[in-house]
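# Structural overview for review
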Amino acid sequence: MTRKRGKTPLFEPGCIPAPGGLLDWRDARHFDRWQDPPCVLGARPTPMRSHHGEPVHKACAESWITGNATEARLGRFASDVQPKTRNKADDHACPSPRPSQPPP
């Protein structure tokens, strides 16, 4: 039996990362500065929220996706929607080339 979520996302989710991949939660709506309820996957308090408003640590959500790859495709946790055009300099995962230094 397939479980269907009754809640609609508070804002539009993007792609679901592959197991072992990282979530891109750059949007400020993932952070609730007023409340720290316990994480739905752990017991520790967190100000982070999923697209559905669930209190969850980003690292806990990434671990859950890795451990539940089939159910993860239903979209419980997803990355943010990326803008159509992205500045290459904004990509924090790709290091910029370092200028070569002359020998001392």
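Above this text sits the structure in question.
Remember, predicted model here, so these are calculated numbers, not experimental data. All residue numbers refer to positions counted from 1 along the written sequence of the respective chain. Local features in this predicted model are restricted to residues of pLDDT 70 or higher, and side-chain atom pairs are both shown and tallied only at a pLDDT of 80 or more, whereas totals for entire chains, interfaces and linings draw on every residue. Each side-chain value is derived from all of the structure's non-hydrogen atoms; neither hydrogens nor water enter the calculation.

### What about the nonpolar core?
Residues Leu23, Trp25, Cys39, Met48, Val56, Ala61, Trp64, Ile65, Ala72 and Phe77 constitute the largest nonpolar core, which totals 10 residues. Between two residues, a contact is recorded if the distance between any of their heavy atoms is within 4.5 Å. Aside from chain neighbours lying at most four places away, what touches Phe77 is Ile16, Leu23, Leu41, Ser50, Glu54, Val56, Ala61, Trp64 and Ile65. Side-chain atoms within 4.5 Å link the members of a nonpolar core, which is a set of buried Ala, Val, Leu, Ile, Met, Phe, Trp, Tyr and Cys residues. Partly exposed describes any residue whose relative accessible area lies between the buried limit of under 20% and the exposed limit of over 50%, with all areas from a 1.4 Å probe on protein chains only and scaled to the type maximum.

### Some details on the side chain of Asp24
Here Asp24 is to be found in the segment before α1 (58–67). Using a relative accessible area of 16% as the deciding quantity, one classes Asp24 as buried. Engagement of the side chain of Asp24 in a polar contact is seen with the side chain of Arg26, the distance being 3.1 Å. Strands are runs of DSSP state E lasting at least two residues, helices are runs of H or I lasting at least four, and both sets are numbered from the N terminus onward. Identification of polar contacts relies on pairs of N or O atoms within 3.5 Å, with a donor-acceptor requirement for protein atoms, meaning one able to donate a hydrogen and the other able to accept it, and with residues adjacent in sequence counted only if both atoms are side-chain atoms.

### Considerations on the packing of aromatic side chains
Think of it this way: a Phe, Tyr or Trp ring, Trp meaning its six-membered ring, pairs with another when their centres are within 6.5 Å, and the plane angle makes it stacked under 30 degrees, edge-to-face over 60, tilted otherwise. Inspection of the entire model under this criterion finds one aromatic pair. Only when the NZ of Lys or the CZ of Arg is both within 6 Å of the ring centre and within 35 degrees of the ring normal is a charge said to sit over the ring. If you follow Arg76 out to its NZ or CZ, it ends over the ring of Trp64, 5.2 Å from the centre.

### With respect to the environment of Glu62
Within the element layout of this structure, Glu62 appears in helix α1. As a C-alpha pair, Glu62 and Leu22 span 40 residues in sequence and 6.3 Å in three-dimensional space. For Glu62, the side chain forms a polar contact with the side chain of Lys58, separated by 2.7 Å.

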